[in-house]
Amino acid sequence: MKILKKLAFFMLLGTTMLFAKPTIYILATGGTIAGAGESALSGSYTSGTVTVDKLIAAVPQINEIATIKGEQISNIGSQEMNNEVWLKLANRVNELLSDKSVDGIVITHGTDTMEESAYFLNLVTKSKKPVVFVGAMRSGTSMSADGPLNIYNAVNVAMDKNSVGKGVLVVMNDKIHAAREVTKTNTTAVDTFKSVNTGNIGTVNYGIVNYYLAPVKKHTVNSEFSVKGLESLPRVDIVYGHTEDTPDFVETAVKNGAKGIVLAGMGNGNPYPSVEKALAEAVKQGVVVVRGSRVGSGSTSVGAEVDDAKYGFLTADNLNVQKARVLLMVALTKTSDKDKIQKYFKEY
């Protein structure tokens with residue numbers, strides 16, 4: 001009888017373990033997905049007014065597939081995103097993922113700067129466990145709001161075993177994107193997020209996850225960057241190139257303490273002549289200058305029309321300028337050696 005009781009106990013334990021739901025944390029930062037307006041037929045709304053508890057309550061189906069826990073990191077429009085929130089978010093993500101009971105994290109975020117926040121986490125997260133950013137293009141009070149299904153899909157991606165080791169992901173409009181590659185391409189369309197150089201790496205259709213590609217650049221646990229102990233990030237400014245440009249913005253950035261400057265150059269990262277001289281002078285003063293492009297896709301070539309070796313400029317590979325800024329900020333927390341930083345741009 002005792003043997004039968006023990007056998008029944010272990011069978012029950014095995015069944016419980018077999019069907020145990022994964023634990024997924026939802027960390028909310030605000031944005032349109034947490035926004036509300038007065039009319040379902042108006043594009044006017046206020047970001048970051050809905051709390052994480054209400055976001056979770058709006059998608060009760062996620063509680064059927066996972067043990068959901070929510071935390072409010074911030075509640076702002078993502079145009080207000082800043083280094084303080086980034087560091088708070090990154091430290092909390094690393095703390096949670098070090099807990100063996102936590103299987104993955106979903107981060108709700110506004111779409112304006114989601115790609116930058118996701119790439120920052122992609123560089124400083126110290127775990128192979130899934131971290132998935134998600135947002136919405138329509139507020140929760142809008143007709144045909146896209147937030148609830150996006151959250152449901154994001155939770156499914158975060159708990160999928162095939163998401164492990166792929167770095168930080170972005171889930172929007174049934175697509176799975178690598179954080180390094182994705183960018184917002186349209187101001188209002190629900191299919192705004194695209195990975196213009198590589199394509200999305202997978203799809204998620206009402207919770208059904210399929211991967212077709214894998215990121216090849218360094219990320220998360222393979223990254224040598226860390227936010228542990230950091231209280232701030234170096235200032236890096238973006239200067240936008242155009243016809244009849246002036247050196248004023250470069251000179252102002254240097255004067256106000258920028259440690260790095262990313263050029264959103266014309267075409268293949270080309271600066272206006274007077275701006276090129278100002279950037280060269282900035283390098284002499286110890287500022288790290290990275291040439292990127294305002295075009296939106298493609299790589300910025302080394303030494304095409306600009307003599308990078310002569311001026312001491314670096315190039316952004318195929319990172320857009322907003323992500324080049326993120327990588328340069330993080331790189332400058334470790335070194336100011338230009339050869340090492342250029343190597344980072346090739347590897348990350």
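Preceding block: the structure.
For clarity, every value in this text was computed on a predicted model and none was experimentally measured. (Residues numbered from 1 in each chain as written. Predicted model: local features only at pLDDT ≥ 70, side-chain atom pairs only at ≥ 80, totals over all residues. Heavy atoms only, no water.)

1. Brief notes about the sheet that holds strand β5 (residues 168-172)
Moving on, step 1. Within the open sheet, the eight strands sit side by side as β2-β1-β3-β4-β5-β6-β9-β10. Their pairing is mixed. The open sheet has two edge strands with one neighbour each: β2 (67-76) and β10 (208-211). The sheet shows a mean angle of 25° between the axes of neighbouring strands, direction not considered.
Moving on, step 2. Docked against the sheet, helix α4 (residues 83-97) engages β1 (23-30), β2, β3 (104-108) and β4 (131-134), running at close to 165° with respect to β2.
Moving on, step 3. Packing of helix α5 (residues 114-124) onto the sheet brings it into contact with β4 and β5, and relative to β5 it is tilted by some 155°. (Pairing = 2+ DSSP bridges. Helix = DSSP H or I, 4+ residues; strand = E, 2+ residues; numbered from the N terminus. Axes fitted to C-alpha atoms, helices over the stretch in contact; angles between N-to-C directions. Contact = heavy atoms within 4.5 Å.)

2. A closer look at the pairing of β1
Moving on, step 1. The buried fraction of β1 amounts to eight of the eight residues, a majority that puts the element mostly inside the structure.
Moving on, step 2. Taken together, the seven bridges between β1 and β2 define a ladder with parallel strand orientation. Within the sheet, the bridge partner assigned to A28 lies in β2 and is Q72.
Moving on, step 3. Here β1 pairs with β3 via five bridges, running parallel. The residue of β3 that forms the bridge with I24 is G104. (Buried < 20%, exposed > 50% of the residue type's maximum accessible area, 1.4 Å probe, protein only.)

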